[in-house]
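Given next are the chains, with one letter for each unit.
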Amino acid sequence: MPDFLLEIGCEEIPARMVDAASQELERRVQDLLTRERLPATGSVSCLDTPRRLAVLASGIPSAQPDVTEQVTGPSTTVAYKDGQPTSAAQAFAKKVGLEVSKLGKVTTSKGEYLSARVTRKGRPASEILAEALPREISSIYWPKSMYWRKPTERFVRPVRWLVAMLDGEVIPLEFGGIRAGNQSRGHRLLADREVKISSAGSPYLEALEAARVLSRGAREKQIRKQLDAAARAIPSARWREDRELLDTVINLTEFPSVILGNFEREFLQLPEEVLVTVMRDHQKYFAVEDASGKLAPHFLAVLNTDGDPDGIIRHGHERVLRARFNDARFFWQTDQKHSLRERVDKLKHVTFQKDLGSYYDKTMRVQRLASWLCEVLRHVGVTVRPGVVHKAACLAKADLTTELVKEFTELQGIVGGLYARAQQLDSDLPEATRFAIADAIYNHYKPESMNDSVPPSVEGAVLAIADKADSIAGMFALGLIPSGSKDPFALRRQANAVIKITAEHKLPIPLSQLFTDARAIYEGSEAEKKFSAKVDFAGSIREFFRERLEFYLKDVLGFSYDVTNAVLVAGSENVVDVIARAEAVTRVRPSADFASISIAFKRIKNILRQAREAGKQPAKVVDAAVLQEQAEKNLAAAIPGTAKKVDRLRGGRNYEQALIEISKLRPDVDTFFDKVMVMVDDGRIRSNRLALLETLLQEFSTIADFSEIVTEGK
């Protein structure tokens with residue numbers, strides 16, 4: 001079986017887009033091969049560099065297998081008239097390539113029909129791929145695309161060459177005005193020439209390597225090795241690990257090398273965050289630190305060439321970085337002429353969102369919401385300093401008016417925290433309090449992702465939640481609700497952050513009340529006049545956060561999908577409580593009693609559902625006088641005592657023991673279903689038994705809905 005190769009060569013792809021596009025192309029090719037009955041017997045892998053996306057599939061069939069199928073035609077009553085074949089029979093015979101006399105008959109529930117056994121010959125793989133691959137290539141999603149030939153043709157960058165091969169045979173496909181061949185290209189600087197590919201598979205990889213184009217894994221290995229070697233040139237120094245930056249420089253190079261550069265020690269007087277941001281985000285340099293973890297006056301740059309023997313490139317990088325640092329120092333010094341307090345009023349001229357007003361308006365709303373949160377937390381025994389939160393909320397967005405943030409937008413929040421620490425906010429403010437305010441401001445954008453840390457202090461956590469809740473509430477009220485892949489205001493990320501903060505700080509904040517109050521703060525404002533009357537605000541927020549909480553439980557904390565569903569059905573108002581219930585269910589579910597009671601609850605829900613569909617309703621309360629069988633009397637007698645124990649344990653959040661108590665009902669529940677017929681003809685007895693089951697379901701589904709638990713064989 002031949003190996004298959006597809007390589008799309010183009011102008012340099014933006015580094016941030018390479019990984020997702022490469023994975024999508026691999027998936028599309030794999031799905032295509034499966035769909036067309038050309039599955040690879042070996043691996044399907046991708047190779048990507050800034051100038052190419054490639055897919056290799058080992059051992060695919062050279063043609064589809066032949067398929068024999070039974071084809072059904074018209075009914076015999078239509079196919080024959082007076083014993084002679086009609087035009088319908090003739091047309092069917094022509095379609096299947098047989099004479100009418102050789103057609104068979106098949107009897108179905110609808111009658112007798114003409115039939116034929118037809119063998120369809122498989123098409124060659126080359127023909128199928130040439131036809132289908134252009135559609136797959138053009139369907140790759142890009143955040144931004146270019147049009148350079150026809151309005152209907154788009155790709156991230158102009159396509160310059162295509163390689164499509166089955167072993168040594170070229171597949172005759174065309175895309176973007178380029179016909180596929182067996183000529184790839186080498187490294188733009190080190191081997192700028194056509195590279196003939198003799199065959200797909202290992203000859204392709206070997207040809208690229210000879211032309212100074214390395215695979216992703218080889219590039220990462222080479223970069224790490226050279227970063228280590230360059231850092232060793234400085235005594236007791238090491239390069240600062242940065243996975244995101246490493247991924248970026250891997251996608252910027254085809255044959256990487258590393259150089260060590262230096263900058264003046266005087267720049268170390270600037271905050272480390274500023275220096276690292278300039279190096280990392282603007283120049284793609286790795287920071288160097290000493291043995292104690294402090295920043296050293298050096299940097300490491302990754303080049304897309306084989307080195308810099310004369311130091312010309314290093315000198316250029318140092319000159320650019322020096323200019324950047326000088327700018328940062330100038331902005332820092334200029335900003336100190338106005339305190340953060342003086343800058344708050346300037347926020348009136350900075351738009352938050354065109355319909356939600358300025359950042360000054362947002363600051364006032366966040367202050368009120370944060371104050372409410374402080375009161376809620378104090379009532380449940382959480383220690384929080386409202387004064388620190390109030391002051392931090394007032395100053396949190398003030399750094400948006402600074403020159404440093406205007407130049408380095410990545411530092412918003414961080415600059416505010418640094419300025420609050422460096423400036424005298426109030427003459428009578430203790431230094432410890434000032435630092436607490438600064439820390440809350442510094443961290444209030446956190447977490448930026450699920451891998452990011454949450455604000456370390458409770459005050460910072462409260463400010464972060466209030467800030468994000470205000471944004472979410474305003475956007476939802478306007479009707480700007482995320483749908484599908486569209487989330488232009490990053491509301492999912494902000495909701496994930498709210499959940500992560502409340503979970504890790506164990507803050508028992510009622511989510512519905514949080515967003516009801518966040519929405520209420522807009523009352524009487526100009527923004528409220530623009531809110532959408534079509535939006536079910538409470539319902540949309542509830543469903544939105546249920547989805548985010550489901551994601552957090554399953555994908556972040558690792559709970560199984562059925563445990564996640566079970567606890568969310570029982571209530572998703574309090575994140576801390578939901579997690580505690582999920583942990584308890586996970587610990588108890590291996591027991592036989594719990595598995596049995598879960599099966600019983602499924603049965604109860606089905607009985608109640610089917611009864612209601614048939615118009616048979618449970619009684620409002622269980623009437624002890626109507627109970628007849630001993631099994632139902634025993635179950636009715638067991639419920640109140642168990643419910644009392646469960647309520648007490650649930651009130652103390654001892655969910656595991658509460659679940660164990662519920663599981664102890666297993667013998668009575670099992671006996672009930674063995675001995676008692678629920679759906680009897682006597683309406684009074686039937687409705688009483690349905691009421692007994694409904695009572696059982698309602699009393700013991702507040703921790704988790706057991707019917708959601710998947711048991712063995714179910």
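Located above this text is the structure these notes cover.
Undergrad: Give a detailed account of the overall build of the chain, specifying residues and quantitative values.
TA: When you go through the chain residue by residue, the secondary structure sums to 26 helices and 20 strands. Taken against the 2.2 N^0.38 rule, which gives 27 Å for 714 residues, the C-alpha radius of gyration of the chain at 34 Å runs more than 25% over that of a compact globule. Counting across all 714 residues of the chain, residues that qualify as buried make up 50%. When contacts within the chain are restricted to residue pairs at least 6 apart in sequence, those whose partners lie at least 24 apart make up 70%. As displayed, the chain has an accessible area near 34,000 Å², and 49% of this comes from carbon and sulfur atoms. The centroid of the 102 positive side-chain charges in the chain is displaced by 3 Å from the centroid of its 97 negative side-chain charges.

Undergrad: Account for the environment of Glu-375, with residues named and values stated.
TA: Tracing the sequence through the fold places Glu-375 in helix 11 (residues 359-379). C-alpha of Glu-375 to C-alpha of Pro-386: the two residues are 11 residues apart in sequence and 8.2 Å apart in space.

Undergrad: Please set out unusual backbone geometry residue by residue, giving values where relevant.
TA: Note the cis peptide between Lys-446 and Pro-447, where omega equals -10°. Mapping Pro-447 onto the fold places it in the loop between helix 15 (431-443) and helix 16 (458-478). Here Asp-82, not a glycine, exhibits a phi torsion of approximately 60°, which is positive. Its location among the elements puts Asp-82 in the loop between strand 5 (80-81) and strand 6 (84-85). Non-glycine residue Arg-212 carries a positive phi angle of around 60°. When you line up the elements, Arg-212 lands in the loop between helix 5 (202-210) and helix 6 (216-231). In this structure Arg-212 comes out as partly exposed when scored by relative accessible area, which is 30%.

Undergrad: Describe the environment of Ser-483, naming the residues involved and giving the relevant values.
TA: Within the secondary structure layout, Ser-483 lies in the loop between helix 16 and helix 17 (491-505). Sequence-wise, Ser-483 and Gly-413 are 70 residues apart; in three dimensions their C-alpha atoms are separated by 28 Å.

Undergrad: Go over the sheet that holds strand 4 (residues 67-75) with me, naming the residues and quoting the values.
TA: Strands sit in the order 4-8-7 across an open sheet of three strands; the sheet is antiparallel. Two strands in the sheet have a free side with no partner beyond their single neighbour: strand 4 and strand 7 (104-108). Taken over all neighbouring pairs, the strand axes of this sheet differ in orientation by 40° on average, direction set aside. For strand 7 and strand 8 (residues 111-120), the ladder comprises five bridges, and the chain directions are antiparallel. Looking at the pairing, Thr-107 lines up with Glu-112 of strand 8.

Undergrad: I'd like a rundown of the packing of aromatic side chains, residues and numbers included.
TA: Taken as a whole, this structure holds 16 aromatic pairs when the rule is applied. Ring geometry for Tyr-522 versus Phe-531: centroids 5.3 Å apart, planes at 70°, classification edge-to-face. For the pair formed by Tyr-522 and Phe-531, the shared burial category is buried. Ring pairing ties together the aromatic residues Phe-476, Phe-515, Phe-544 and Phe-545, which thus form one cluster. Over the face of the ring belonging to Phe-255 we find Arg-212, whose NZ or CZ atom lies 4.7 Å from the ring centre. The aromatic ring of Phe-352 is capped on one face by Lys-362, whose charged end is 4.5 Å from the ring centroid.

Undergrad: Run through the sheet that holds strand 17 (residues 285-289), naming residues and quoting values.
TA: Taken in spatial order, the four strands of this open sheet run 15-17-18-16, and their pairing is antiparallel. Looking at strand neighbours, the two that pair on one side only are strand 15 (238-239) and strand 16 (257-262), the edges of this open sheet. The strands touched by helix 8 (residues 272-282) within the sheet are strand 17 and strand 18 (295-303), with strand 18 carrying the most contacts at an inclination of about 10°.

Undergrad: An account of the state of the cysteines is requested, with residue identities and associated values reported.
TA: Any covalent bond linking the sulfur atoms of two cysteines counts as a disulfide. Tallied over the full model, the rule gives zero disulfides. Cys-374 carries a free sulfur, and the closest cysteine sulfur to it, the one in Cys-394, is 14 Å from it. Classification of Cys-374 by relative accessible area gives buried; the value is 0%.

Undergrad: Quick rundown of the packing of helix 16 against helix 18 (residues 511-520)? Include the residues and the values.
TA: For any two helices packed against each other, one specifies the crossing angle of their axes together with the interaxial distance. Packing of helix 16 against helix 18 leaves a shortest axis separation of 9 Å and a crossing angle of 70°. Taken as axis vectors, helix 16 and helix 18 run roughly perpendicular relative to one another. As helix 16 runs across helix 18, the sense of the crossing is right-handed. In contact with Ile-465, Ala-469, Ile-472, Ala-473 and Ala-477 of helix 16, helix 18 contributes Leu-514, Phe-515, Ala-518 and Arg-519. When its residues are assigned to classes, the contact of helix 16 with helix 18 shows eight nonpolar, no polar and one charged.

Undergrad: Can you explain the pairing of strand 2 (residues 44-49)? Please cite residues and give values.
TA: When strand 2 meets strand 3 (residues 52-57), the two strands line up antiparallel, connected through six bridges. Across the sheet, Cys-46 pairs through a bridge with Val-55, a residue of strand 3. Count of turn residues in the strand 2/strand 3 antiparallel hairpin: two residues.

Undergrad: Tell me about the nonpolar core, residues and numbers included.
TA: Grouped together as the largest cluster of nonpolar side chains are 145 residues, with contacts concentrated most on Phe-545 and Phe-700. It is helix 16 that provides the largest number of residues to this core, a total of 13 residues. Excluding anything up to four places from it in sequence, Phe-700 contacts Phe-601, Ile-639, Thr-642, Ala-643, Val-646, Ile-662, Leu-665 and Phe-706. Of all hydrophobic cores here, the second largest spans 37 residues; its members include Ile-8, Val-29, Leu-38 and Val-156.

Undergrad: Which residues make up helix 1 (residues 15-35), and what values do they have?
TA: Between its first and last C-alpha atoms helix 1 spans 31 Å; for 21 residues at 1.5 Å apiece the expected length is 30 Å, and the two agree. Where helix 1 terminates, the next one or two residues include Arg-37, which has phi positive at roughly 60°.

Undergrad: So what's going on with the pattern of salt bridges? Residues and values would help.
TA: Opposite charge on two side chains permits them to pair, given that their charged atoms come into close proximity. If you walk through the whole model with that rule in mind, you get 65 salt bridges. With a shortest N-O distance of 2.9 Å, Arg-224 and Glu-241 are connected by a salt bridge. Taken together, the positions of Arg-224 in helix 6 and Glu-241 in the loop between strand 15 and helix 7 (243-250) put the pair 17 residues apart, joining distant regions of the chain. Here Lys-362 and Asp-467 are joined by a salt bridge, their closest N and O atoms 3.2 Å apart. In this pair, Lys-362 is assigned in helix 11 and Asp-467 in helix 16, connecting sequence segments 105 residues apart. By relative accessible area, Asp-467 is classed as buried at 6%. Three or more residues joined by partner-sharing salt bridges are found here, namely Asp-19, Arg-216, Glu-220, Arg-224, Glu-241, Arg-243 and Asp-247.

Definitions and cut-offs
- Residues numbered from 1 in each chain as written.
- Predicted model: local features only at pLDDT ≥ 70, side-chain atom pairs only at ≥ 80, totals over all residues.
- Heavy atoms only, no water.
- Helix = DSSP H or I, 4+ residues; strand = E, 2+ residues; numbered from the N terminus.
- Rg over C-alpha atoms; globule rule 2.2 N^0.38 Å.
- Buried < 20%, exposed > 50% of the residue type's maximum accessible area, 1.4 Å probe, protein only.
- Contact = heavy atoms within 4.5 Å.
- Areas by Shrake-Rupley, 256 points an atom, 1.4 Å probe, with all protein chains shown as cover.
- Lys, Arg positive; Asp, Glu negative; His and termini not counted.
- Charge placed at Lys NZ, Arg CZ, Asp CG, Glu CD.
- Pairing = 2+ DSSP bridges.
- Axes fitted to C-alpha atoms, helices over the stretch in contact; angles between N-to-C directions.
- Phe/Tyr/Trp six-rings, centres within 6.5 Å; stacked < 30°, edge-to-face > 60°.
- Lys NZ or Arg CZ within 6 Å of the ring centre and 35° of its normal.
- Disulfide = S-S within 2.5 Å.
- Parallel < 35°, antiparallel > 145°, perpendicular 65-115°, else oblique.
- Left-handed = near helix turned anticlockwise from the far one by under 90°.
- Nonpolar A, V, L, I, M, F, W, Y, C, P; charged D, E, K, R; others polar.
- Core = buried A, V, L, I, M, F, W, Y, C linked by side-chain atoms within 4.5 Å.
- Expected span 1.5 Å × (residues − 1).
- Salt bridge = Lys/Arg side-chain N within 4 Å of Asp/Glu carboxyl O.

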